[in-house]
Amino acid sequence: MAGKACALGFAGWLLVSSLVVVQSLPGPPECKAETLQKVEFGVGSSAAQSEGGAAAGGRSPSVWDIFAKQPGKIQDGSSPAVATDFFNKYKQDIALMKSMGVKNFRMSISWSRLLPQAVKGSSTSPEGVQFYRAVFKELKDNGIEPAVTLYHWDMPQVLQDKYQGLLDRQFIDDFTYFAEVAFKTFGDQVRKWTTFNEPWVTCNLQYGNGDFAPGITYGDSGKWKCGHYLLLAHANAVRVFRQKYNTNKKGRIGMALWSEWSEPWTDKLEDKRAAQNKIDIDFGWFADAIHFGDYPEQAKRTQGAFLPVFTDAEKKLLRRSYDYMGLTLYTAKYASEVPGNPNGWWVRTTDVNNK
């Protein structure tokens, strides 16, 4: 939003731009009517969570296809193989959206469906191209605008097998190629693009503790390396978009971040500092990088053993590499300082009165 920002009451996914997907709650007095009129509401999903059609049209597996087959990894035993079958039922789903008055739909493209071999220079799947063009046309015919995410956690398994996905610099070139193919193929139908969905989740849960696919524990080293290559892949994709596919300035591109809000556990200065430290990592890890071109000082101080360093050229490429900055905000927690904690905070889910 241009000018002074106002705080919106919301729960859900917020895109700080012309597109906002949120659950509407009353805004505070400073949110004027003309500001609220600029907010566009909609619904969202992702390829792995909705499409199904896992082997249709030559699509290759993503890490979630493999991960979901491992006993005990998914609590209810569901998998991306069918999901909600959007691949076969997209017309019915879009009709339901229209019946609800939806005007915006946030979705993602399956890298494995568009480029089954996934690597730079590989060929598109004609069936994959046909599917997404048909979806975008159906949305337009029903008065719904797509906002398209390129990476929503579904790393092609072929890249995970080849070089461990986001843990190798080769990912930058392969992702940039994938992004350019998407811009070139669908740019006449899509104006709003998101490079990565919730990179904090990707690097902590996919390439840190292994809770998410591919399910391998890489630890702190993997977590911070993942973030480094992800940011450079983002910046290169934005560069290509701006230089080659958005010369008319009608499109927009950004990143959808994740963060929790942090409140000091007490009024002590130490706890206030702890809350700020947590926000500096949760939000600043990626927000600082794409805005200022480098990591927050808190990350450099506490994670120096694992944190890669950007070159001057990389910092320049990263700086202001977004037209909008998205934010997924699910909840808030308390933070307190604990002497000796290397992160600079300790998370608490209750206040000092244990409530």
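Everything here concerns the structure above.
Read on for an overview of the structure.

1. Remarks on the packing of aromatic side chains
Part 1 of the argument: Taken as a whole, this structure holds 29 aromatic pairs when the rule is applied.
Part 2 of the argument: When the ring centre of Phe131 is taken as origin, the NZ or CZ atom of Arg113, which lies over that ring, is 5.6 Å away.
Part 3 of the argument: A cation over an aromatic ring shows up here: Arg348 above the ring of Trp265, its NZ or CZ 3.8 Å from the ring centre.

2. Comments concerning the pattern of salt bridges
Part 1 of the argument: Summed over the entire model, instances satisfying the criterion amount to 17 salt bridges.
Part 2 of the argument: Between Asp65 and Arg59 there is a salt bridge, with the nearest N and O atoms lying 2.9 Å from each other.
Part 3 of the argument: The buried category is assigned to Arg59, whose relative accessible area is 10%.

3. Comments concerning the state of the cysteines
Part 1 of the argument: Within the structure shown, the criterion is met by one disulfide.
Part 2 of the argument: The partner cysteine of Cys203 in its disulfide is Cys226, sulfur to sulfur 2.2 Å. When the S-S torsion is -70°, as for the bridge of Cys203 with Cys226, the disulfide is left-handed. Highlighted residues: Cys203 in helix H9 (residues 199–206) and Cys226 in helix H10 (residues 219–245), separated in sequence by 23 residues.
Part 3 of the argument: Among the residues examined, Cys203 registers a relative accessible area of 0% and is labelled buried.

4. Structural notes on the pairing of strand S10 (residues 332–336)
Part 1 of the argument: Relative to S10, strand S8 (residues 261–264) runs parallel, the two sharing four bridges. Its bridge partner lying in S10, Ser262 is registered against Lys333.
Part 2 of the argument: Where S10 lies against strand S11 (residues 346–348), three bridges are found, and the strand directions are antiparallel. Within S11, the residue paired with Ser336 across the bridge is Trp346.

The rules behind the values
- Residues numbered from 1 in each chain as written.
- Predicted model: local features only at pLDDT ≥ 70, side-chain atom pairs only at ≥ 80, totals over all residues.
- Heavy atoms only, no water.
- Phe/Tyr/Trp six-rings, centres within 6.5 Å; stacked < 30°, edge-to-face > 60°.
- Lys NZ or Arg CZ within 6 Å of the ring centre and 35° of its normal.
- Salt bridge = Lys/Arg side-chain N within 4 Å of Asp/Glu carboxyl O.
- Buried < 20%, exposed > 50% of the residue type's maximum accessible area, 1.4 Å probe, protein only.
- Disulfide = S-S within 2.5 Å.
- Helix = DSSP H or I, 4+ residues; strand = E, 2+ residues; numbered from the N terminus.
- Pairing = 2+ DSSP bridges.

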